[in-house]
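Chains, contacts and geometry: an overview
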Amino acid sequence: MLAELFTRGLRFARENPQILYTLLLAIAIPAAFFWTSEQFLRVARENQERMEVSRVVLLTDVFAIFTEERFEDVPYLEERIRSIVSQNSTMVGFRFIVASSSGTYDVHASLSSGEDGQPFLFTPGTARTAFLFDLAGSNPSSSYFSVYYEDGTRYMRTIRAIAPGGSRIPLGYLVIDFSMAQVDAVAAKNIQNAYAVLVLIVVLIVAMLARQAKIIDYATLYKRLEEVDKMKDDFVSMAAHELRSPLTVIRGYVDLLGDLSIDESGKQLLKNIDMSAQQLNALVGDILDVSKLQEGRMSFKSESLDPAEHIAMVVDSFKKPAADKGLTLSYEPTALPKISVDPDRLRQVLINLVGNAVKYTPSGSVTVKTALLKDGRVEIRVSDTGMGITAEDQKKLFQKFYRVKNADTEKITGTGLGLWITAQIVASMKGVISVESIRGKGSDFILTFPSA
Ligand code: ADP
């Protein structure tokens, strides 16, 4: 059960890598923020604590001087103590302790004179305080600290031995208690602020996660769409294949019927059938080419050849349709180096370009010219004096299914696949296709190929 859940989760993560990114975002950012805040707060707290302690140490050092000078003058010492405490609000206890002849430690001077002469009780933290007395006694002029808690408040106890004139035997001990409540309150406030920002970050991240979830949805949807698109392409490709055979049969029968002795109107009908069958055949051919190109299944031979002979062949095949429209179709051959292309595909490209030139030129001429460019490339230019194409339309001309829509093209049928197929084939043969055109004047479709 658990293992299955784990594998399912793993599969989901593999199929939707965005989820990992999301999780990373949700965990890493608050964690990083938390860690830096912790470090920062710790350093800030330590610094404040250190400042507080140094202040107290300084005061004990100053007081040590008074005690050494006027050890016996208790009222004077107590007045000093009161004066120091009144200026240091964190101090809660200030005692000067001396060892008595009976072996006890007595209060010599303190904040409240009522304690004077009384034994020092070492509380709170009796054992620890006694230990600090030993430490301080063995190293006079150094201060020692211990922390204790009372009613939830943190206090510090400083103990320092006073040994006049560098003597190793202490005259007495200074015991100062001070509250860390202020330092702790500032730290608590900082922590509170840091948590508030953390909560804000987490809320922001959760909001982002909600958006991410949508992105995940979109990603799944996109994947599904891709699958559907692929299914559609497969279906179209299969349907086109299946259409080919009956079309061939129809054209075969039209041929056979043409051989029979039938009257003129019957022949015209047969011609119409054959024309439509040819159109359908061309369309099926285009659809198959599109699916082959999309799936990278179109094969290309590479032959080093003189394009002149192939251009002439294509131009010849359009002589009749051009003449039928009253167009002049010409080819001006020039001497060219060889190019390395697939001859069948080169002819297919030329058929598309010359075919379009004838198709979209109502009157005038279609000319095919070639040239050897300065950079060594071979140029084949198909020019016409036809309807021309606007700059706006030129930008989209090589997109799949794009057809120019205007009054001139209204009655001309087509699929908008020819130029897309042409551009793909040209690119596959390391060629470049471009267009130069002026609306109403004519167009030039230019192919360039590197010489072999
Ligand atoms: P189709 O001819 O089937 O519409 P193409 O991809 O061959 O598809 O051409 C796309 C569009 O480019 C055509 O619809 C046409 O408007 C425009 N076009 C192509 N060749 C020419 C040309 N020689 N002169 C003017 N317009 C052209």
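Everything that follows concerns the structure shown earlier in this document.
So, here's what we can say about the structure. Here the structure is a predicted model, which is why all the values come from computation and not from measurement.

Spatial strand order, β2-β1-β5-β4-β3: five strands in an open sheet with antiparallel pairing. Strands at the two margins of the open sheet, each flanked by one partner only, are β2 (105–110) and β3 (143–150). Each adjacent strand pair in this sheet contributes to an overall mean axis angle of 25°, direction not counted. As paired elements, strand β1 (residues 91–99) and strand β5 (residues 172–179) share six bridges and run antiparallel to each other. Looking across to β5, one finds that Gly93 is bridged to Asp177. Docked against the sheet, helix α3 (residues 74–87) engages β1 and β2, running at close to 70° with respect to β2. The sheet strands contacting helix α4 (residues 126–138) are β1, β2, β3, β4 (153–162) and β5, and the helix crosses β4 at an angle near 35°.

Residues in contact with the ligand amount to 19 residues; listed here are only the nearest, Asn356, Tyr360, Arg403, Thr415 and Leu419. Contact between the ligand and Arg403: an oxygen atom at 2.5 Å from a side-chain N or O atom of the residue. Between the ligand and Thr415, the relevant distance is 2.8 Å, taken from an oxygen atom to a main-chain nitrogen or oxygen of the residue. Residue assignment for the shell around the ligand shows that the elements contributing at least two residues are α9 (343–359), α11 (418–428) and β12 (442–450). The element contributing the most residues to the shell around the ligand is α9, with three residues. Taken together, the residues of the shell around the ligand sort by class into nine nonpolar, seven polar and three charged.

Our focus in this paragraph is the packing of helix α5 (residues 181–259) against helix α6 (residues 264–294). Each pair of packed helices can be described by the angle between their axes along with the distance between the axes. Contact pair α5 / α6: the axes reach a minimum separation of 9 Å and the direction vectors enclose 155°. In terms of their interaxial angle, α5 and α6 are classed as roughly antiparallel. You can see that α5 and α6 cross each other, and the crossing is left-handed.

This paragraph deals with the packing of aromatic side chains. If you walk through the whole model with that rule in mind, you get 13 aromatic pairs. Seen in terms of ring centroids, Phe63 and Phe94 are 4.9 Å apart; in terms of plane orientation they differ by 65°. Their pairing is edge-to-face. In this pair, Phe63 is assigned in helix α2 (residues 18–69) and Phe94 in strand β1, connecting sequence segments 31 residues apart. Comparing Phe63 with Phe94 shows no difference in burial state: the two are buried. Aromatic pair Tyr105 and Phe133: ring centres 5.3 Å apart, planes at 75°, arrangement edge-to-face. Residue Tyr105 is found in strand β2, and its partner Phe133 is found in helix α4; the two are separated by 28 residues along the sequence. Taking relative accessible area as the criterion, Tyr105 reaches 26% and is therefore assigned partly exposed.

Rules of the game
- Residue positions are given per chain, counted from 1 along the sequence in the order it is written.
- In keeping with the model being predicted, local features are shown solely for residues with a pLDDT of at least 70 and side-chain atom pairs are shown and tallied solely at 80 or more, while totals for entire chains, interfaces and linings include all residues.
- Working from all heavy atoms in the structure, the side-chain values ignore hydrogens and water.
- Strands are treated as partners if at least two bridges between them are detected by DSSP.
- Secondary structure is summarised from DSSP: a helix means a run of H or I of at least four residues, a strand means a run of E of at least two, and numbering begins at the N terminus for each.
- Simply put, an axis is a line fit to the C-alpha atoms, just over the touching stretch for a helix, and the angle between two N-to-C directions goes from 0 to 180 degrees.
- For this analysis, residues touch if any pair of their heavy atoms sits within 4.5 Å.
- Each residue is tested against the molecule or strand, and it is near if at least one of its non-hydrogen atoms lies within 4 Å.
- Nitrogen and oxygen atoms within 3.5 Å of one another constitute a polar contact, given that in protein one can donate a hydrogen and the other can accept it, and given that sequence-neighbouring residues count only through two side-chain atoms.
- Each residue receives one of three labels: charged for Asp, Glu, Lys and Arg, nonpolar for Ala, Val, Leu, Ile, Met, Phe, Trp, Tyr, Cys and Pro, and polar for the others, Gly being one of them.
- When an angle is under 35 degrees it counts as roughly parallel; over 145 it counts as roughly antiparallel; between 65 and 115 it counts as roughly perpendicular; any other value is oblique.
- Throughout, a crossing is termed right-handed when the near helix is turned clockwise from the far one, and left-handed when it is turned anticlockwise from it by less than a right angle.
- Each aromatic pair joins two rings of Phe, Tyr and Trp (for Trp, the six-membered one) with centres within 6.5 Å, and gets the label stacked for planes under 30 degrees apart, edge-to-face for over 60, and tilted for any other angle.
- Only protein chains enter the area calculation, which uses a 1.4 Å probe; residues under 20% of their type maximum are buried, those over 50% are exposed, and those in between are partly exposed.

All quantities given are derived from atomic positions and should not be read as evidence of function.
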